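Analysis of the macromolecular model
Here are the chains, one letter per residue:
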Amino acid sequence: MAKQLLVVMGVSGSGKSTIGAAIAGRLRVPYEDADDLHPAANIEKMTAGIALDDDDRYPWLEAVGEWLANHSERGGVMSCSALKRKYRDQLRRHTDDVTFLHLDGTPEVIARRQASRPGHFMPASLLASQFKTLEPLAPDEAGIVIDVDQPVDAIVEEYARRAGTD
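Report on the accompanying structure.

Cut-offs applied
- By convention here, each chain's residues receive numbers from 1 onward along its written sequence.
- In keeping with the predicted nature of the model, local features appear solely for residues at pLDDT of at least 70, side-chain atom pairs appear and are counted solely at 80 or more, and the whole-chain, interface and lining totals rest on all residues.
- For the side-chain quantities, the full set of heavy atoms in the structure was used; hydrogens and water were omitted.
- The helix count covers DSSP runs of H or I at least four residues long, the strand count covers runs of E at least two residues long, and both are numbered beginning at the N terminus.
- For this measure, only C-alpha atoms enter the radius of gyration; the expected value for a globule follows 2.2 Å times N^0.38, where N is the number of residues.
- A simple rule labels every residue: compare its accessible area, found with a 1.4 Å probe on the protein chains alone, to the largest value its type can have, and call it buried under 20%, exposed over 50%, or partly exposed in between.
- Every residue pair with non-hydrogen atoms within 4.5 Å of one another is taken to be in contact.
- The protein chains shown are the only cover counted for residues, whose accessible areas, like all others here, come from Shrake-Rupley with a 1.4 Å probe.
- Neither His nor the chain ends contribute to the count of charged residues, in which Lys and Arg are positive and Asp and Glu negative.
- Lysine's charge is taken at NZ, arginine's at CZ, aspartate's at CG and glutamate's at CD.

Helix and strand counts for the protein come out as 7 helices and 5 strands. The secondary structure elements of the protein, listed N-terminal to C-terminal, are β-α-β-α-α-β-α-β-α-α-β-α. Against the globule reference of 15 Å for 166 residues, the protein gives a C-alpha radius of gyration of 15 Å, in line with a compact fold. The burial tally for the protein puts 47% of its 166 residues in the buried class. Pairs at least 24 residues apart make up 75% of the contacts formed inside the protein by residues separated by at least 6 positions. In the form shown here, the protein has an accessible surface area of approximately 7900 Å², with 50% of it arising from carbon and sulfur atoms. The positive charge centre, built from 19 side chains, and the negative charge centre, built from 26, are 2 Å apart in the protein.

None of this, on its own, says anything about what the molecule does.
Quick look at the structure:
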């Protein structure tokens, strides 16, 4: 399979970490979860049920973009919400080789998925704000949208087929 630089995006609870790790394993490229790159202050805010603003996200997205730039030649998969076009543009400023996989689902499907992962620092109460913030991929953005209301293996297979990596 070709080496790819992929950001698996979507709202909290869409399966970014699980799907991202599975795709990275299939592609045999490094994987990173952007949640692990959040500064402590961001995690404290989210744990308290306070939504992040653009000022909070900027340095975090810079760290994500630097990871992507450092993996642009050998490939890699990053799980990152990347909810707004401007956030994805910020990542693309680090490397224009990046493609996005938007894990899409209804609020009901995502809420059901969130309920099955206790202990995550992002409380379910912030889900509505995530959907309000979400700007789907525009036609001029390199990416694929896949419905998350299916098994992990089916999502990975659909991605591989549509991205031409199978």
